[in-house]
Amino acid sequence: MRLAPPAAEVEGGLHQVAQVVVETRVGSTTGLFDYLIPEELRGQVQVGQRVRVPFGKRSVPGFVYALSNAPNVVNPKPIAAVIDAEPLLPAHIIELAGFVADHYLAPLDEVIRNIVPPRVRAVVRREPKSRRRSRILERADRPGGGAAPELEPAQRAALERIQIALGRREPEVFLLHGVTGSGKTEVYLALLERVLNDGGQGLALVPEIALTPQTVERFAARFPGRLAVLHSSLTEAERAAEWWRIRRGEADLVIGPRSAVFAPLPRLRLIVIDEEEASAFKQDRMPRYHAPTVARELARKVQAVLVLGSATPSVATYARALAGNDRLLELPHRVMGRPLPPVTIVDMRTELQAARFSPISKALHEAVAAALERREQAILFLNRRGLATFVICRDCGQVRQCPHCSVAFVYHGALNRLQCHYCGTQEALPLKCPNCGSRYIKSFGVGTERIEQEVTTTFPGARVLRLDRDVMKGRDAADQVFEQMLRGEADILVGTQLVAKGFDLPAVTVVGVVNADTSLHFPDYRASERTFSLLTQVAGRAGRGSQPAEVFIQTYTPEHPAVRHARYHDYRGFFREELELRRAYRFPPFSELIMATYAHRDEAKAQREAQAFVEHLSATIGLLKLGDIEVLGPSPAFLYRLKDEFRMEVTIRGLALHRIADRLPGGRGWSLDVDPM
């Protein structure tokens, strides 16, 4: 599918035909339909405008994608009416939607549906009626206060270099690589201040779990009354109200997660993406876009500067910068001369040999105890929820599995139930084995709930909080936990990756990674990169204040490169080692990937369809003499059965994969993931 970009005004008169993206699920390859512009509407219809058009026996709304004088069909139907006097979407956002549809092989109507909030599409323009606004919006509305801190030499150097690009009004991409606590956010704020003072607008993207009220308040303090927030914790009405503020030009700065890349800012001059390597920037449903990639295209279209910031950039992004495709800027030290915390690697195999079976090692236990004695705080990180990760019969060996997914149930003590983390199915903890009738059923494995219990028992006087998706029932739960820690009302915080990013807690002097191996052995070429990034980010929560801090990483594989280099905060060492592995196995950045997945309730049909596609595509590649493109599979997906459907995967690997884009499967059961993460 290759979409032509929206047309500009043609010479010789007014456009007669509009290509319209209808707001209904049509199953069309492009989602575009030609409509005649009637005489009375000539000159009124614009790209990005909503119109009402006949579709079958119905009349439906749609967005004008392009204008032309030559219809692609015979006798197109006329547009019935114009809904909005002015375009709802700016032309550059419509163009961006076309790019997303084209690059990620997604129907254009799905892309538009993802861009415009439901309440906006429904023409509802009322203010939120809830009695209490989301706390994150309350923080955004607080009055400003406090002068900007004086930047340190490395920060000033980075700021000045980027300001040169801003002054040229040309698109340019910078990678701001700075260790945790090096003051990247202050550089962002100084750049945004320059842009807003010059009459431009700014966009800041952060992973959603890092978009805490603390982060929002920091931006709002510098730009009072000029900030709009887009976040999943907002109600539909609040999200629509913020979107309209942006569209009407009432906000000059937008902060939000990946979807904020489509914010309708007409004078965009600067895009900032913090923690650019985060997998949260890749959408896991249609359209499966990657926000930093989309932001590159957006910056090119509107002549904006893009700043990618991270302590642990993705291998592909860092490789681009070293090759000179992006500009590399470094912040090698923490601000105010604060040292990076020393990291101790705890080999859990020695703990077993010493007959210590607690998930908390002797060294970590002693460090937490000492921190409590000093009235300081600790964070314990484990990226796995629940009390136990599986339940097994010790007689017959059967593990209780979800009946709808090929995954073990997780036992949650607070619920006293087994739960599937993929489809949500629950069942009671059985008193005897459903397979053999044995009563010898036991739960094994460790999750955050188990760690919370362990800590509460081991340190009976400590005030312990837990932060994971099980306890985040309210939309402000994470904010409340953070405020309790900041006020000193808790001593130990146990959590998943929700505690790894966005929290700046000066009293935390001990950070413990309970098990570094949970993300290390996934069948994913980025598993090492993800683990190194997560370990580095978690370690970065320590030492934010004036007191010395320390980090403990518990692992059964201390020799793994991700663990070895995390010990010394050595990003470059990890990058060099990982890059050579990627080169040897032809993984990105040395190739492109597309993942095609077929799902069906009939296991045999799923296997047949996937095999037939592989044979067809392999034959096509041979005929077209595209020998540099490989077809791998079919093979069962990592999660083979999901919600009663069996899933088979085919991976296409090579360069310039757009050459075979029109040969890829579509239709019911198939899904495509371009540049999978």
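Residues numbered from 1 in each chain as written. Predicted model: local features only at pLDDT ≥ 70, side-chain atom pairs only at ≥ 80, totals over all residues. Heavy atoms only, no water.

A. The arrangement of the nonpolar core in detail. Membership of the largest hydrophobic core comes to 134 residues, with the highest contact counts inside it found for Ile79, Leu89, Leu203, Val254, Ile271, Ile652 and Leu664. In this structure, Val254 is in contact with Gly202, Leu203, Ala204, Ala228, Leu230, Ile246, Ala260, Ala263 and Leu265, ignoring residues within four places of it in sequence. Membership of the second largest hydrophobic core comes to 37 residues, among which are Ala165, Leu166, Leu192 and Leu329. (Core = buried A, V, L, I, M, F, W, Y, C linked by side-chain atoms within 4.5 Å. Buried < 20%, exposed > 50% of the residue type's maximum accessible area, 1.4 Å probe, protein only. Contact = heavy atoms within 4.5 Å.)

B. Quick peek at the pairing of strand S20 (residues 464-467). Across the two faces of S20 the burial is the same, with Val464 and Arg466 and Leu465 and Leu467 all buried. Sheet analysis places S20 next to strand S21 (residues 492-495), joined by four bridges and oriented parallel. Opposite Leu467, over in S21, you have Gly495 as the bridge partner. (Helix = DSSP H or I, 4+ residues; strand = E, 2+ residues; numbered from the N terminus. Pairing = 2+ DSSP bridges.)

C. How the structure looks around empty space enclosed by the protein. Taken as a whole and assessed by the stated rule, the structure comprises three cavities of 30 Å³ or more. When its volume is computed, the largest cavity comes out at roughly 50 Å³. Every residue lining the largest cavity is listed: Phe381, Asn383, Asn515, Ala516, Thr518, Ser519, Thr531, Leu534 and Leu535. Class assignment for the residues of the lining of the largest cavity results in four nonpolar, five polar and no charged. (1 Å grid on protein atoms, 1.4 Å probe; cavity = no way out; pocket = protein on both sides within 12 Å on 5 of 7 lines; lining within 4 Å. Points joined across faces, edges and corners; volume = space filled by probe spheres on them. Nonpolar A, V, L, I, M, F, W, Y, C, P; charged D, E, K, R; others polar.)

D. Focus on the sheet that holds strand S6 (residues 172-178). Spatial strand order, S8-S9-S7-S10-S11-S6-S12: seven strands in an open sheet with parallel pairing. Only two strands of the sheet have a single neighbouring strand rather than two, namely strand S8 (227-229) and strand S12 (327-331). For this sheet, the mean inter-axis angle between neighbouring strands, taken without regard to orientation, is 20°. Sheet analysis places S6 next to strand S11 (residues 305-310), joined by six bridges and oriented parallel. Considered in S11, the bridge of His177 is made with Ser310. (Axes fitted to C-alpha atoms, helices over the stretch in contact; angles between N-to-C directions.)

E. Quick look at unusual backbone geometry. Note the cis peptide between Met286 and Pro287, where omega equals -5°. Looking at where Pro287 falls in the secondary structure, it is placed in the loop between strand S10 (268-274) and helix H9 (291-302). Between Gly633 and Pro634 the backbone carries a cis peptide bond, its omega angle lying at 5°. Along the chain, the position of Pro634 falls in strand S25 (residues 630-642). A positive phi angle is found at Asn75, which is not glycine, with a value near 50°. Among the structural elements, Asn75 can be located in the loop between strand S4 (58-68) and strand S5 (81-82). Residue classification places Asn75 among the exposed residues on the basis of a relative accessible area of 69%.

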